[in-house]
Amino acid sequence: MNSIKNLVYELNRGKQLDINIPFYKDVLKEIYNQTSFLHLAMEYYVLYEILQEREGRDNAYLSEDLSVVHKVMEQVFCREKDLSLQEVEECITEIEEVRSDVIRKMELLTMYTDKLQIYEHVVNRMELQFETDFEETDVESFVKQTLQFIFSGEDNVVINENIKEVLAELPVRMARSKYFQLIENSMSVYKGSDKSALDRFVYMLETSAMLYEPEGVGEYFNEIQEFADSLDQCIFAEMSEHDFSDLYDSLEEYAGRIEEIANLYVDIQTVLNSLYGYLLSYSGRGCTDNSEEACLDILRTLHQMFVESEWKAIPEEVAEKLVLTEGKQEKLAEDMIQLQGAFYKLVEGHQDKIEKLGLVEEFVRLEMEQQLLSVGSTFVDFHTEEEEVIAEEDYVLEKTEELIGKLKDRFAKQEMCVNRAVIAATISKFPVFFTSSKEVEEYIREALTRCKDIAERQASMNLIQLLWDGTE
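The notes below deal with the structure included here. Computed from a prediction, not measured in an experiment: that's the story for all the values here.

**Some thoughts on the overall build of the chain**
On a plain count of helices and strands, the chain comes out with 20 helices and 0 strands. The dimensions of the chain, computed from C-alpha atoms along their principal axes, are 75 × 55 × 40 Å. Expressed as a percentage of the 472 residues in the chain, the buried residues total 46%. For the chain, the proportion of contacts with a sequence separation of at least 24, taken over those separated by at least 6, is 83%. Counting every atom, the chain has about 24100 Å² of accessible surface; 47% of that belongs to carbon and sulfur. On the chain, the mean spot of the 46 positive side-chain charges and the mean spot of the 98 negative ones are 5 Å from each other.

Here you go:
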């Protein structure tokens, strides 16, 4: 049998493709299956521990998704016979549906997070208004220290990120026309690129500006929605110290609540991804070694504990079984990296051969599994297809006018302090628009000196100083 190294060598040189392509598919599929199986055991274990700490505290929307997970886990791992091909596809469909549901709910939570961040920006700059003895920082010395922080990075990527972080905290004293011009300039960068890249940029700006509303509003998280809606009714210019204090505490409370729920959905989605990957590469549940037998025992025991819902501690003998998985994951990862290195070259260079061998769907699933196992792909949506279409000038202008129109409408309904928070949140997402360190210096100085609200200016400077502290 060819070693993995020899297999990749022959594929890269187009040798014996009729034999090597199916063999490559089988080897990579098996590695993905074993890796997903190991991940699933560990992640199901972690999910139980997290929910045990909460003593099962959840709500309807969490229980609904968990029930599907447990149902599929029982069907796949808690019976003696293997799944039929039809049963595998039915399980895959169920997992795809619940993954989509979790993605939809995470979009809602992200929308509420973005909205709370806008109002947190406003509140943070009001904090010193109710203090009479705060110490003022000299603007010129502060500008120099800020520049030192920004340009302390060793490469342009770090420097640009530092600039964006500072822009997000500076007081906004910018003419509306200048802001819209910056939007036009930022959007024009995408002329000639893929439409999907421009659409993602617009989506990012709309979410930051409280312009995007995903499906599901009013269906889930109604208490959070009511609080988020109440923020739109606040009149910050007339707010008393008592009202400010209540709002400050409420923002903190709801931000914490959203973070807790979002973290739970990350944990659930991680389990779903491993289960999804296992099913996409399913070829029977036979165990080939002690580590796989240990994983199967772990999954069966935990499933029973989930069903019983008594939230007892995981028995020590179950925890000890995790030791049997040590070492195998590293070996699988090593083989996986070698095989993945040939994947796209094979797909792009020999698509006709893959079609002739009837393996197109198999390779589609291999690519899906690759994404499921990738860091940062927890919420990858396989149902959103991005066509490679060029963003022509007319399309860029259309999207630009549409975005600016939405912002104008929104600005007309909001207090100035909220509009400034929106500008700060969005401007920090633009491609860096400075051409020299001198321009950066002038922008920072002007933003601070044009802010005549001493409390707001000092609050902004305090927040920027926290950025320095984080680098020391």
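So, next bit.
**A closer look at the layout of surface pockets**
There is about 500 Å³ of room inside the second largest pocket. Surrounding the second largest pocket, 21 residues form its lining, Gln 117, Ala 168, Ala 425, Ser 428 and Lys 429 being those nearest its centre. Every element with two or more residues in the lining of the second largest pocket is listed here: α4 (85-126), α6 (156-169), α8 (195-208) and α18 (416-427). Considering every element that reaches the lining of the second largest pocket, the biggest residue donor is α4, with 7 residues. The residue makeup of the lining of the second largest pocket, split by class, is 7 nonpolar, 6 polar and 8 charged.

**A word on empty space enclosed by the protein**
By the definition in use, this model includes 2 cavities of 30 Å³ or more. Of the voids in this model, the largest cavity is the one considered here, and its volume is about 40 Å³. If you trace the largest cavity, you find it lined by Glu 96, Arg 99, Ser 100, Ile 103, Tyr 276, Asp 381, Phe 382 and His 383. The element contributing the most residues to the lining of the largest cavity is α4, with 4 residues. Considered class by class, the residues forming the lining of the largest cavity number 3 nonpolar, 2 polar and 3 charged. Taken as a whole, the second largest cavity spans an internal volume of roughly 30 Å³. Every residue along the wall of the second largest cavity is listed here: Lys 29, Leu 280, Ser 281, Glu 362, Arg 365, Leu 366 and Glu 369. Ranked by residue count, the leading element in the lining of the second largest cavity is helix α16 (residues 360-372), at 4 residues. Tallied by class, residues from the lining of the second largest cavity come to 2 nonpolar, 1 polar and 4 charged.

**Brief notes about helix α7 (residues 176-188)**
Taking 1.5 Å of rise per residue, 13 residues should cover 18 Å, and α7 covers 18 Å from first to last C-alpha, within 8% of that figure. For α7, the complete set of buried residues consists of Tyr 179, Phe 180, Leu 182, Ile 183, Ser 186 and Met 187. Buried residues of α7, seen end-on, are gathered within an arc of 150° and therefore sit on one face of the element. Looking at the buried side of α7, the elements it contacts are α8, α17 (393-413) and α18.

Conventions used here
- Residues numbered from 1 in each chain as written.
- Predicted model: local features only at pLDDT ≥ 70, side-chain atom pairs only at ≥ 80, totals over all residues.
- Heavy atoms only, no water.
- Helix = DSSP H or I, 4+ residues; strand = E, 2+ residues; numbered from the N terminus.
- Buried < 20%, exposed > 50% of the residue type's maximum accessible area, 1.4 Å probe, protein only.
- Contact = heavy atoms within 4.5 Å.
- Areas by Shrake-Rupley, 256 points an atom, 1.4 Å probe, with all protein chains shown as cover.
- Lys, Arg positive; Asp, Glu negative; His and termini not counted.
- Charge placed at Lys NZ, Arg CZ, Asp CG, Glu CD.
- 1 Å grid on protein atoms, 1.4 Å probe; cavity = no way out; pocket = protein on both sides within 12 Å on 5 of 7 lines; lining within 4 Å.
- Points joined across faces, edges and corners; volume = space filled by probe spheres on them.
- Nonpolar A, V, L, I, M, F, W, Y, C, P; charged D, E, K, R; others polar.
- Expected span 1.5 Å × (residues − 1).
- Arc of directions from axis to C-beta.

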